[in-house]
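Report on the structure
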Amino acid sequence: MAINETFAHASNIMVYGAMTTLTGAMGAFAIALAKGRRLESIEETVARTSSSSHQTRMGATTTLERPAVSTAVTTEDGLGEGRRAGNIGMSLTWLSAIFTGMSMLFRGLSAHRLPWGNMYEFSIAAGFGVLMAYCVMSLKRDLRWLGLFIVIPVLLDLGLAITVLYTESAQLVPALNSYWLAIHVTAAIVCMGSFAVGAALSALYLVAERVELKVADGQEPGRFAALAERLPAADRLDLMAYRIHAFMFPLWTFAVIAGSIWAEAAWGRYWGWDPKETWAFITWVIYAAYLHARATAGWRGRKAAIVAIAGFAAIMFNYFIVNMYVSGLHSYSGLN
Amino acid sequence: MGGSALMSLWTKIVANLRWLWTSLTSMRTALFLLFFLAVASVPGSLFPQRGTSPLKVTQYLRDHPKSGAVLDKFHMFDVFASPWFAAIYLLLFVSLTGCVIPRLVIHWKELRSQPPSAPRNLSRLSAHESWSANASDVDVLDAVASDWKGRGWRVRVGDEWVAAERGYARETGNLLFHFALLFVLFSVGSGSALGAKGNVIVREGSGFANNITQYDTFAPGRMFDTSTMAPFSFQLKNFFATYQLGGMQNGAPREFHADVLVKTSPTAQAKPVRIAVNKPLRIDGSSVYLVGHGYAPEITVKDSNGKVVWKDAAVFLPQDGNFTSTGVVKAPDAVPQLGIQAFFLPTAAVDAVLGPHSTFPAPTDPMVFMSVWSGDLGLDSGVPQSVYRLDTSKMKKIGLERLHPGETYKLPKGQGSVTFDGYKEWASFSITHDPGKGWALGAGMFAIVGLSMSLLVPRRRAWLRITPTENGTILVEVAGLSKTEAPGLVAEISALAQSARTYAPEVSHGD
Ligand code: HEM
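Residues numbered from 1 in each chain as written. Chains lettered and ligands numbered in written order. Predicted model: local features only at pLDDT ≥ 70, side-chain atom pairs only at ≥ 80, totals over all residues. Heavy atoms only, no water.

Looking only at helices and strands, chain A features twelve helices and zero strands. Mapped in sequence order, the helices and strands of chain A form the string α-α-α-α-α-α-α-α-α-α-α-α. Evaluated residue by residue, chain A yields a buried proportion of 61% over its 336 residues. Considering only residue pairs separated by 6 or more positions, chain A has 84% of its internal contacts joining residues 24 or more positions apart. (Helix = DSSP H or I, 4+ residues; strand = E, 2+ residues; numbered from the N terminus. Buried < 20%, exposed > 50% of the residue type's maximum accessible area, 1.4 Å probe, protein only. Contact = heavy atoms within 4.5 Å.)

Shown next, in the form of structure tokens:
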């Protein structure tokens, strides 16, 4: 079937629209972050966690259920500006998610297929995945302080997509023409988006933990104090990151299995150590190691956070380096 | 040596073995091995692998003779079949087995155990509620216990308390996952040992029977038994392909399929089947996949006497995405012997830089470019020869020509003629037999179920305690703790407290 150019064009316009709203969201979230303060001061956090028994850790679990307390955007006296900016950022982020979603929809309508056929399309989908993961998670708790660390990477991702990775709307190569593609890729995109949020939380954890450790040692809090004061306490960041990873790991396992079912139908073997498969396996193992690390006392906290970030780095490696520079059966980047 | 010295040596050995076993089966070791397996698979993704791209390995070894040889020593070109990869894999398998079986035993006991009695100070727990109630006739403890039981908690009633626990499914799921993982490893290994995989190129109009001699390449597993090969056969009636025309992806394949006539046994009725990418033919435990295609120009060669010495469609191998294809024709019966090296171009173009090449994969303007040689083909030398390469060391070039379909090249000095009659397409099929496949999939599904239970089911304990007070009322306390980091503890404990209030209603202190 012929490509519908009107839809193809509309799809591109939606990407530019999303980049515009994301730029606005970036400004708004920057203000929200700057005006915010954590409710529990760093000293209080240190006092609470230095008596770090199982009970206090589980105490953090309960505190997490009251989001207004654990977030950093507003303080009793500084209410107002920061919160308003945060709200604007949230709305613009929702709008960006809608724009990227529309872009995918139009792309699909233009080529009469699922819009996940090459790297350009995957990048748009990944941006959508991250924004949706963030927006959905923010429904249950106040995550305005996190917004800046979400919209900047997505903005970079969309920018890269529309410039370097851009591919015209076209039909699929036959190997991608399968409903397992829909299942496998949908699951992978949801996981990728969530793991991106998890990695951002783990990175912020490292910042907050460093400052808290310095304060606990009676040292100067250092140059990251300004950021740490605007973030939730380290143990909460750690817990949030853990919940995302734990929730998504079964889905990631499913995504890998769905991929191998598809590989079996397309290439005659369900697992062939193709570079892409190898890196999916490596990623899976790193996240499994993360879950074990979290369950092992000596590995909680910093080491676990580093493992989580390594997991996301492996996803990125698989996505950019393997797709573009390592040849294998999964050569669908659409770039030559 | 005295018996006691022997004994102590023996105890030492046993102690060491036990230490080795304990270390091997610890979670730390398993984790380390798991990490190691991931790290070990990295070179497999960075260097070309013999299993998937043997030609690239040859190329790499030619380009880097020194470093290549060293890398080869360390099995960098067949990582996944290397002894050290197998060693990690097997150690992990043993470690995992050794660690999950004892856990299974422990969990089995725990599944039939009672919740632990209430701690002395309930108010120190993270979720806690308390109120005063009248001592009533109803046996509050029993009533609460049966109520909580109905909510899915395992309960135990003490003198002045009720203990409850839920979420045993978490550990059940965890064990299910780890066992399923073992089973996946096992299925993958045994499937590849018992199965086999081969490739074959079939021209339109030709056939294939599932028999080792008919394969172009065949890779049996270590324990493969040829007598298990299903006696099916098929004939390729027609191969069909379409390509993107115009745009940035000009020439990209859009659809291809092969129409075949299949027989499950030599005497069975032939049935038409269409094999496409993503739609393999499943037959008697084997699967037939369409993995590639190309052109086979039909060529007739006559010798100086006008005798036909070759007439067939020769399989040419594609060299690029536009199916610039190369191949050879050998006519050993001609006197002297004739050989042809040729390009087949589905959409022909020639330029000074690229030479003869194709600009589109579909046959819109097919042409053959050939160089014809005469002399000794070298077929009698005893060295096996590739059907895709002409050994011209004992031959003389007698001419170059380009032909459209139907055209004939008359060789100079009456040495004969070559006619390009037309072309056929060929399809290549990969045929696999993997008895572990279904088991691996089943185990994978169980792994997901187990994993979800293990990560999503919260494990919780809750207690209710009643304490008589001096003014005749009783103090009721309900408290709980989460053994995992799942959310929702406070809400759940408050629901339990709510239900307890119906049996021991709160009295206000004003009364
Ligand atoms: C000696 C071997 C092993 C032991 C003793 C062990 C033990 C455990 C334990 C206790 C948990 C529960 C952690 C928690 O409560 O959060 C767990 C979870 C898990 N294990 Fe293992 N494990 C072993 C090997 C492996 C291996 C080889 C894998 C391979 C990928 C693996 C994958 C996982 C995964 C993905 C989880 C997450 C599920 C969860 O956290 O409940 N384990 N393991």
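Moving on to the domain arrangement of chain B. Its domain assignment divides chain B into domain 1 (19-106), domain 2 (114-167 + 458-503) and domain 3 (196-433). Taking only C-alpha atoms, the centre of domain 2 of chain B and the centre of domain 3 of chain B are 78 Å apart. (Domains from an automatic or database assignment.)

Attention now goes to the coordination of the iron atom of the ligand. Tetrahedral metal sites with four donors have an ideal angle of 109.5 degrees; octahedral sites with six donors have ideal angles of 90 or 180 degrees. On the protein side, the iron atom of the ligand has His 292 of chain A (NE2) and His 178 of chain B (NE2) as donor atoms, found 2.0 Å from it. Considering all six donor atoms around the iron atom of the ligand, the spread of angles at the metal, 81 to 179 degrees, places the coordination shape in the octahedral class. In this pair, His 292 of chain A sits in helix H11 (residues 275-295) while His 178 of chain B sits in helix H7 (residues 168-194), so the two residues belong to two different chains. You can call His 178 of chain B buried: its relative accessible area is 8%. (Donors = N, O, S within 2.8 Å, 3.2 Å for Na, K, Ca; no water. Tetrahedral: all angles 85-135°; square planar, octahedral: opposite > 155°, others 65-115°.)

Now for the nonpolar core. Residues Trp 145, Leu 146, Val 197, Leu 201 and Phe 249 of chain A are the most contacted members of the largest nonpolar core, which totals 105 residues. With residues up to four places along the chain from it excluded, the contact list for Val 197 of chain A reads Val 130, Ala 133, Tyr 134, Met 137, Leu 146, Ile 150 and Ile 244 of chain A. (Core = buried A, V, L, I, M, F, W, Y, C linked by side-chain atoms within 4.5 Å.)

The interface of chain A with chain B comprises 60 residues on the first partner and 60 residues on the second. Between chain A and chain B, the buried area comes to about 4,800 Å², and carbon and sulfur atoms account for 65% of it. Remark: the boundary between chain A and chain B carries two salt bridges. Ionic pairing is found between Arg 282 of chain B and Glu 264 of chain A, a salt bridge with its closest N-O pair at 2.7 Å. Taken together, chain A and chain B are joined by five residue pairs in polar contact (both at pLDDT 80 or more). Sorting the residues of the side of chain A that touches chain B by element identifies helix H3 (54-64), helix H10 (234-267) and H11 of chain A as the ones contributing at least two each. Ranked by residue count, the leading element in the side of chain A that touches chain B is H10 of chain A, at 16 residues. Considered class by class, the residues forming the side of chain A that touches chain B number 35 nonpolar, 18 polar and seven charged. (Buried area = accessible area lost by both parts, 1.4 Å probe. Salt bridge = Lys/Arg side-chain N within 4 Å of Asp/Glu carboxyl O. Polar contact = N/O pair within 3.5 Å; in protein donor to acceptor, adjacent residues only side chain to side chain. Nonpolar A, V, L, I, M, F, W, Y, C, P; charged D, E, K, R; others polar.)

Residues and elements named next belong to chain B. Taken together, five strands build an open sheet; the order of strands is E13-E14-E15-E18-E19 and the sheet is antiparallel. The open sheet has two edge strands, strand E13 (317-318) and strand E19 (395-403), and neither has a second partner. Here two bridges tie E13 to strand E14 (residues 325-331), and the two strands are oriented antiparallel to one another. Each residue of the ladder has a partner; that of Pro 318, found in E14, is Ser 325. (Pairing = 2+ DSSP bridges.)

Moving on to the pairing of strand E23 (residues 473-482) of chain B. Residues and elements named next belong to chain B. Among the ten residues of E23, nine are classified as buried, and the element is accordingly described as predominantly covered. Both strand E22 (residues 460-468) and E23 contribute to a ladder of nine bridges, which runs antiparallel. Directly across from Ala 462, in E23, lies its bridge partner Gly 480. Linking E22 to E23, which pair antiparallel, is a turn of four residues; within it Gly 472 sits at a positive phi near 90 degrees.

With that settled, the discussion passes to the domain arrangement of chain A. Residues and elements named next belong to chain A. Annotation of chain A at the domain level lists domain 1 (1-36 + 71-170) and domain 2 (173-336). The interface of domain 1 with domain 2 comprises 28 residues on the first partner and 29 residues on the second. Counting the surface lost from both domain 1 and domain 2, the interface buries some 2,400 Å², and carbon and sulfur atoms represent 80% of this. When the buried surface of domain 1 facing domain 2 is broken down by residue, Trp 116, Met 119 and Trp 145 rank first, second and third, together holding 26% of it.

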